[in-house]
Amino acid sequence: MHRLLQLLDTLAQSGTAEPVTVHGRGSEKFEDQDLIKMAKKKKITQKMVLNLVDIAKRKNEPHLIQPLWNTYHCQNQLYSSGRRFFGKYCKNRFCTTCLGIRKAELINKYLPIINTWEDPQFVTLTVKAQPAKRLSKVIDAMIRGFKRINDKHKKRDQRSKGEKLIGARSLECNFNPNKRTYNPHFHIIVPNKEMANTILEDWLSLWGKKWTNRYAQHIKPVDDNEVALIEIIKYGTKIFTEPDLKSKSKGASEKVYVAAMYNIFSAMHGHRLFDRFGFNLPKQ
């Protein structure tokens, strides 16, 4: 490992190496343990990506193939300049490294705003479990439905007949390996309980009993703003899933269901996983 660091440190000094232009602020130099963690993440990501590429080729969906290859090559090379490391990031939602960076950036942007809210509430909105063939259409409908609810209250606020909705929203989807079904859902943080109840009631009214159940929706007060924010921005779908959800507490080994993961990524393609509504971020 120390040999790797030495090579990185002397890269710019080599008379035979071509000059490399680096961008951004870079990262502080890592300890050996940090590099080992990075290597493990990259190994998991590359193994997963190769399987996802095979599925994309089989389904003839070229629009996903190039982003997947970009993720495969993400951070393949690290360059050292001064006391910092630099590398090229893919910024894709399949990449475990870039997801960690994205999480940190969003926390820095949104946590100061959420800290100003008097009584933040954590809301979960979902629909009934769906088969793979309907997943894409249902996710599209969920996003249109939430926009419809938000637009309704925005108009009421403009007419001084109500209050606009304010909050941060993320789109996620889990896979149930027992039933072979998918559970798309929203996680939302809003400033108060009244707004949380309004969103929940509008959601149930919009979808009706055929598509959703009241007991599957949740509202709970936020005890820790940072923990709640991490919860809604950590991923679009889990990489590891318990094969038997009922035996979760028995220590069942987790698996990666690549075909199910591909279905989720494909259904979410073109949609923002994390978004805000009702407020703007301060200018950086």
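All of the points below concern the structure found in this document. (Residues numbered from 1 in each chain as written. Predicted model: local features only at pLDDT ≥ 70, side-chain atom pairs only at ≥ 80, totals over all residues. Heavy atoms only, no water.)

So, the pattern of salt bridges
Quick note on the threshold: Salt bridges are identified by distance alone: a Lys or Arg side-chain nitrogen within 4 Å of an Asp or Glu carboxyl oxygen. Under the scheme used here, helices are H or I runs from DSSP no shorter than 4 residues and strands are E runs no shorter than 2 residues, and both carry numbers assigned from the N terminus. The buried label applies to any residue whose accessible area, calculated with a 1.4 Å probe on protein chains only, is under 20% of its type's maximum; exposed applies above 50%, and partly exposed to all values in between.
All told, the structure shown has 3 salt bridges when counted by the stated rule. For lysine 152, the salt bridge is made with aspartate 202, and the minimal N-O distance between the two is 3.1 Å. Remark: aspartate 202 occurs in helix 6 (residues 193-207) and lysine 152 occurs in helix 5 (residues 132-158); sequence separation between them is 50 residues. A residue is classified by how much of its surface remains accessible, and lysine 152, at 33% relative accessible area, is partly exposed.

Focus on the pairing of strand 5 (residues 167-176)
Stated formally: Here, a strand pair is defined by DSSP locating no fewer than two bridges between the strands.
With 9 of 10 residues buried, strand 5 lies mostly within the body of the structure. Where strand 5 lies against strand 8 (residues 274-277), 4 bridges are found, and the strand directions are antiparallel. Paired with arginine 169 across the two strands is aspartate 275, which belongs to strand 8. Inspection of the sheet shows strand 5 paired to strand 6 (residues 181-190) by 9 bridges, in the antiparallel sense. Across the sheet, residue leucine 171 finds its bridge partner in strand 6, namely phenylalanine 186. Counted between consecutive antiparallel strands, the loop separating strand 5 from strand 6 contains 4 residues, among which arginine 180 sits at a positive phi close to 60°.

Topic: the packing of aromatic side chains
The following threshold applies: Aromatic rings from Phe, Tyr and Trp, with only the six-membered ring used for Trp, were paired whenever their centres fell within 6.5 Å, and each pair was classed as stacked if the ring planes differed by under 30 degrees, edge-to-face if by over 60, and tilted otherwise.
Scanning the model with the defined rule gives 11 aromatic pairs in all. With a centroid separation of 5.5 Å and an interplanar angle of 80°, the aromatic rings of tryptophan 69 and tyrosine 72 are classed as edge-to-face. Of this pair, tryptophan 69 and tyrosine 72 both sit in helix 3 (residues 62-72), 3 residues apart, which is roughly one turn of the helix. The partly exposed category is assigned to tryptophan 69, whose relative accessible area is 27%.

Points about helix 7 (residues 225-233)
The cut-off we apply is this: Summarising the geometry, the arc corresponds to the directions from the helix axis toward the C-beta atoms. Residue contacts are defined here by distance: any two heavy atoms, one from each residue, within 4.5 Å place the two residues in contact. Distance and chemistry together define a polar contact, namely a pair of N or O atoms within 3.5 Å, with one atom able to donate a hydrogen and the other to accept it when in protein, and with adjacent residues in sequence counting only for side-chain atoms on both sides.
Buried within helix 7 we find Asn225, Ala228, Leu229, Ile232 and Ile233. End-on view of helix 7: buried residues confined to an arc of 125°, all on one side of the axis. In this structure, the buried side of helix 7 is in contact with helix 4 (96-114), strand 4 (121-126), strand 5, strand 6 and strand 8. The opening residue of helix 7, the one whose side-chain oxygen lies 3.0 Å from the backbone nitrogen of glutamate 226, is aspartate 224.

Observations regarding the side chain of asparagine 263
Positionally, asparagine 263 belongs in helix 8 (residues 258-268). At a separation of 2.8 Å, a polar atom in the side chain of asparagine 263 contacts the side chain of tyrosine 182. For asparagine 263, the contacting residues outside a window of four places in its chain are Lys59, Ala132, Leu135 and Tyr182.

Focus: the sheet that holds strand 7 (residues 218-221)
Condition: Inter-axis angles, ranging from 0 to 180 degrees, are taken between N-to-C directions of lines fitted to C-alpha atoms, where helices are fitted over the stretch in contact.
Taken in spatial order, the 5 strands of this open sheet run 7-4-6-5-8, and their pairing is antiparallel. Each of the sheet's edge strands pairs with one partner strand only, and the pair in question is strand 7 and strand 8. Ignoring strand direction, the axes of neighbouring strands in this sheet form an average angle of 25°. Alignment of strand 4 against strand 7, held across 4 bridges, turns out to be antiparallel. If you follow threonine 124 over to strand 7, its bridge partner there is histidine 218. Lying on the sheet, helix 5 is in contact with strand 4, strand 5, strand 6 and strand 8; it crosses strand 6 at an angle near 20°. Most of the contacts of helix 6 go to strand 4, to which it runs at about 5°, and overall it touches strand 4, strand 6, strand 7 and strand 8.

Re the nonpolar core
Which entries qualify depends on this criterion: Take the buried residues of types Ala, Val, Leu, Ile, Met, Phe, Trp, Tyr and Cys, join any two whose side-chain atoms come within 4.5 Å, and each joined set is a nonpolar core.
Judged by nonpolar contacts, the single largest core of 31 residues is most densely connected at Leu125, Phe146, Phe186, Ile188, Val190, Ile199 and Trp203. For this core, the secondary structure elements donating two or more residues are strand 4, helix 5, strand 5, strand 6, helix 6 and helix 8. Looking at which element gives the most residues to this core, the answer is helix 6, with 7 residues. Here isoleucine 199 is in contact with Leu125, Phe146, Leu165, Ile188, Val190 and Phe277, once residues within four sequence places are set aside. With 17 residues, the next largest nonpolar core counts Tyr110, Trp117, Ile189 and Val222 among its residues.

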